[in-house]
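# Report on the structure
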Amino acid sequence: MRIHIIGTSGSGKSTFARSLSKLLKIPHYDLDSLYWDNEQESYGTKMPADIRERRFQQILIQDAWIIEGVYYCWVQESLNQADRIYLMDVSRATCQLRIMKRFLKRKSGLEDGRRESLKSLLELLRWMKIDHRAKADCFKELEEKY
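Summary of the structure given here. Because the structure is a prediction, the values reported are computed rather than measured. (Residues numbered from 1 in each chain as written. Predicted model: local features only at pLDDT ≥ 70, side-chain atom pairs only at ≥ 80, totals over all residues. Heavy atoms only, no water.)

### So, a nonpolar patch on the surface
Taken together, the side chains of Met1, Leu23 and Leu24 make up a nonpolar region of the molecular surface, amounting to roughly 300 Å² of accessible area. Looking at the element boundaries, Leu24 is found in helix α1 (residues 13-24). (Patch = residues over 30% accessible without salt bridge, like charges linked within 9 Å, V, L, I, M, F, W, Y side chains within 5 Å. Areas by Shrake-Rupley, 256 points an atom, 1.4 Å probe, with all protein chains shown as cover. Salt bridge = Lys/Arg side-chain N within 4 Å of Asp/Glu carboxyl O. Helix = DSSP H or I, 4+ residues; strand = E, 2+ residues; numbered from the N terminus.)

Below, the structure is given as structure tokens:
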């Protein structure tokens with residue numbers, strides 16, 4: 001089984017992927033871990049495209065996987081190979097609330113995660129206002145195509 005989960009930040013992709021992974025005993029992969037270089041000192045450094053692509057291809061050759069993320073431009077191959085595609089269509093307000101809760105959990109040590117700052121949180125929330133509308137159009141296209 002190959003599953004691709006796509007949705008905006010805070011839509012519940014990671015939670016859904018972890019649950020499916022546990023239930024189906026299939027490994028899951030967060031596209032953020034391919035897109036961002038979390039080994040770098042500074043938060044928000046992108047992974048070099050050649051390394052990202054090589055790691056992505058290593059996932060795709062497996063018999064079973066769950067891939068989740070907000071990305072849709074550079075992941076067309078996984079969408080084409082997927083047996084199932086789930087589009088997490090959640091209201092912007094719900095997503096923003098979840099993002100803020102996640103940030104607070106990570107900052108308080110209740111949840112592992114990236115090294116976000118208040119500045120990066122505000123940038124993400126600002127980006128969400130623009131991206132959420134664009135994602136709605138993208139979702140329509142994905143539904144029609146797949």
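Following the structure, the description resumes.
### Some details on the side chain of Glu68
Inspection of the secondary structure assignment puts Glu68 in strand β3 (residues 65-69). Nearest to the buried, unbridged Glu68 among oppositely charged side chains is Lys13, at 4.6 Å. A distance of 2.8 Å separates a polar atom in the side chain of Glu68 from a polar atom in the side chain of Ser14. (Buried < 20%, exposed > 50% of the residue type's maximum accessible area, 1.4 Å probe, protein only. Lys, Arg positive; Asp, Glu negative; His and termini not counted. Polar contact = N/O pair within 3.5 Å; in protein donor to acceptor, adjacent residues only side chain to side chain.)

### What to know about a negative patch on the surface
A surface patch of like charges, here negative, comprises Asp89, Asp137, Glu141, Glu143 and Glu144. Here Asp137 is to be found in helix α6 (residues 118-145). Asp137 gets classed as partly exposed once you look at its relative accessible area, which sits at 45%. (Charge placed at Lys NZ, Arg CZ, Asp CG, Glu CD.)

### Things to note about helix α5 (residues 92-107)
For α5, built from 16 residues, the straight-helix expectation of 22 Å at 1.5 Å per residue is met to within 8% by its first-to-last C-alpha distance of 22 Å. Listed as buried for α5 are Cys95, Gln96, Ile99, Phe103 and Arg106. Buried residues along α5 cover an arc of 100° about the axis, so they all sit on one side. The outward face of α5, more than 90 degrees from its buried face, is lined by the exposed residues Ala93, Lys101 and Leu104. Once α5 finishes, Gly109 follows within two positions and takes phi at roughly 85°, a positive value. (Expected span 1.5 Å × (residues − 1). Arc of directions from axis to C-beta.)

### Quick word on the packing of aromatic side chains
Applying the stated rule across the entire model yields four aromatic pairs. Relative to Trp36, the ring of Tyr35 lies with its centre 4.9 Å away and its plane at 85°, an arrangement referred to as edge-to-face. Consider the rings of Phe56 and Trp74, whose centres lie 5.5 Å apart with planes at 70°: the pair is edge-to-face. Of this pair, Phe56 sits in helix α3 (residues 49-60) while Trp74 sits in the loop between β3 and α4 (76-81), and the two are 18 residues apart along the sequence. Exposure class is identical for Phe56 and Trp74. Each is buried. Of the aromatic side chains, those joined through ring pairs into one cluster are Tyr35, Trp36, Phe56 and Trp74. Sitting over the face of the ring of Trp74, Arg52 holds its NZ or CZ atom 4.3 Å from the ring centroid. (Phe/Tyr/Trp six-rings, centres within 6.5 Å; stacked < 30°, edge-to-face > 60°. Lys NZ or Arg CZ within 6 Å of the ring centre and 35° of its normal.)

### Regarding unusual backbone geometry
Within the chain, Lys25 stands out as a residue other than glycine whose phi angle is a positive 55°. For Lys25, the location among the structural elements is in the loop between α1 and β2 (28-30).

### Notes on the environment of Asn80
Relative to the assigned elements, Asn80 resides in helix α4. The exposed category is assigned to Asn80, whose relative accessible area is 52%. Sequence-wise, Asn80 and Arg106 are 26 residues apart; in three dimensions their C-alpha atoms are separated by 34 Å.

### Overview of the pairing of β3
The side chains of a regular strand alternate between both faces of the sheet. Burial analysis of β3 places five of its five residues in the buried class, the great majority of the element. A two-sided burial pattern is seen for β3, the buried positions comprising Trp65, Ile67 and Gly69 on one face and Ile66 and Glu68 on the other. Relative to β3, strand β1 (residues 2-7) runs parallel, the two being bridged by five bridges. Bridge pairing links Ile3 to Ile66 in β3. (Pairing = 2+ DSSP bridges.)

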